[in-house]
Amino acid sequence: QLQLVESGGGLVQPGGSLRLSCAVSGLTFDRYALGWLRQVPGMGRAGVACISASGGSSYYDESLKGRFTITRDNSKNVVFLLMSSLKPEDTAEYYCVASPECRGRLVAGQDFWGQGTLVAVLS
């Protein structure tokens, strides 16, 4: 019943921008923190950003240096990740995650994520 469907990924040149979207269904949207993580094949997952259930607090990985912004629209059950000044090292599969709260690790049975969307940054 629970679904998280990411979209918006694609091929972009260094310095470009993308907006990822995650449509969520099957849960009480405004009761969950929503986040984004990314994975490079063979290198594991890394947290990108998280926004609290109310939207009042946001958290970002230090390496992003202010280039990414997470927002949510609780009236439409959608979470966004705005990415700018993209670098080749941002290339990864991006996943949105629903969690009881923003935290630094995934917990099986409590956190849920979608199938991902690929972002490829290259010339």
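Sequence order as written defines residue numbering, which begins from 1 separately in each chain. Local features are withheld for residues below a pLDDT of 70 in this predicted model, meaning they are given only at 70 or higher, and side-chain atom pairs are given and counted only at 80 or more; totals for whole chains, interfaces and linings count all residues. Neither water nor hydrogens contribute to the side-chain values; these are computed over all heavy atoms in the structure.

Let us now look at the confidence of the model for the protein. Per-residue pLDDT for the protein has a mean of 94; in total, 100% of the residues score no lower than 70. Along the chain, pLDDT gives the predictor's confidence residue by residue, from 0 to 100. Secondary structure is summarised from DSSP: a helix means a run of H or I of at least four residues, a strand means a run of E of at least two, and numbering begins at the N terminus for each. Within the protein, no element has a lower average pLDDT than strand β5 (residues 44-51), which sits at 93, and none a higher one than strand β8 (residues 78-83), at 98.

This part takes up the sheet that holds strand β1 (residues 3-7). Any two strands between which DSSP finds at least two bridges are classified as paired. Sheet architecture is open: four strands sit in the order β1-β3-β8-β7, paired in antiparallel fashion. Whereas interior strands pair on both sides, the edge strands pair on one side only; in this sheet they are β1 and β7 (68-73). Neighbour to neighbour, the strand axes of the sheet diverge by 15° on average, direction disregarded. For helices, the fitted axis covers only the stretch in contact; all axes are lines through C-alpha atoms, and the angles between them, taken along N-to-C directions, range from 0 to 180 degrees.

So, on to the side chain of Arg 38. Within the element layout of this structure, Arg 38 appears in strand β4 (residues 33-40). Whenever a nitrogen or oxygen atom comes within 3.5 Å of another N or O atom, the pair is scored as a polar contact, on the condition that within protein one atom can donate a hydrogen and the other can accept it, and that pairs from neighbouring residues in sequence are kept only if both atoms are in side chains. In terms of polar contacts, Arg 38 uses its side chain to reach the side chain of Asp 90, at 3.0 Å. Here Tyr 94 takes part through its side chain, which lies 2.9 Å from a polar atom of the side chain of Arg 38. Two residues form a contact once any of their heavy atoms are found within 4.5 Å. For Arg 38, the residues in contact, after removing those within four places along its chain, are Gly 44, Arg 45, Ala 46, Val 48, Ser 63, Leu 64, Phe 68, Glu 89, Asp 90, Ala 92, Glu 93 and Tyr 94.

It is worth spelling out the state of the cysteines at this point. Any two cysteine sulfur atoms within 2.5 Å of one another count as a disulfide. Tallying each qualifying case throughout the model produces two disulfides. Here Cys 22 pairs with Cys 96 through a disulfide, and the sulfurs are 1.9 Å apart. Between Cys 22 and Cys 96 the disulfide shows an S-S torsion of about 45°. By sign, it is right-handed. Residue Cys 22 is found in strand β3 (residues 18-25), and its partner Cys 96 is found in strand β9 (residues 92-99); the two are separated by 74 residues along the sequence. Taken as a pair, Cys 22 and Cys 96 share a single burial class, namely buried. Note on classification: 1.4 Å probe, protein chains only; a residue is buried when its accessible area is under 20% of the maximum for its type, exposed when over 50%, partly exposed between these limits.

We now examine unusual backbone geometry. A positive phi angle is found at Asn 77, which is not glycine, with a value near 55°. Structurally, Asn 77 can be placed in the loop between β7 and β8. In this structure Asn 77 comes out as partly exposed when scored by relative accessible area, which is 25%. Located in the positive-phi region is Ser 85, a residue other than glycine, with phi close to 50°. Of note, Ser 85 is situated in the loop between β8 and β9.

Further remarks concern the layout of surface pockets. Computed from the structure, the largest pocket encloses a volume of approximately 390 Å³. Grid points spaced at 1 Å over the protein atoms alone were grouped into cavities, where a 1.4 Å probe fits but cannot get out, and pockets, open sets with protein on both sides within 12 Å along at least five of seven lines, with lining residues defined by an atom within 4 Å of a point. In this structure, the largest pocket is lined by 22 residues; those nearest its centre are Trp 36, Gly 47, Ala 49, Arg 103 and Gly 104. Listing elements by their share of the lining of the largest pocket, those giving two or more residues are β4, β5, β6 (58-60) and β9. Element by element, the count of residues in the lining of the largest pocket is highest for β5, at six residues. Grid points are joined across faces, edges and corners, and a volume is the space filled by probe spheres set on the points.

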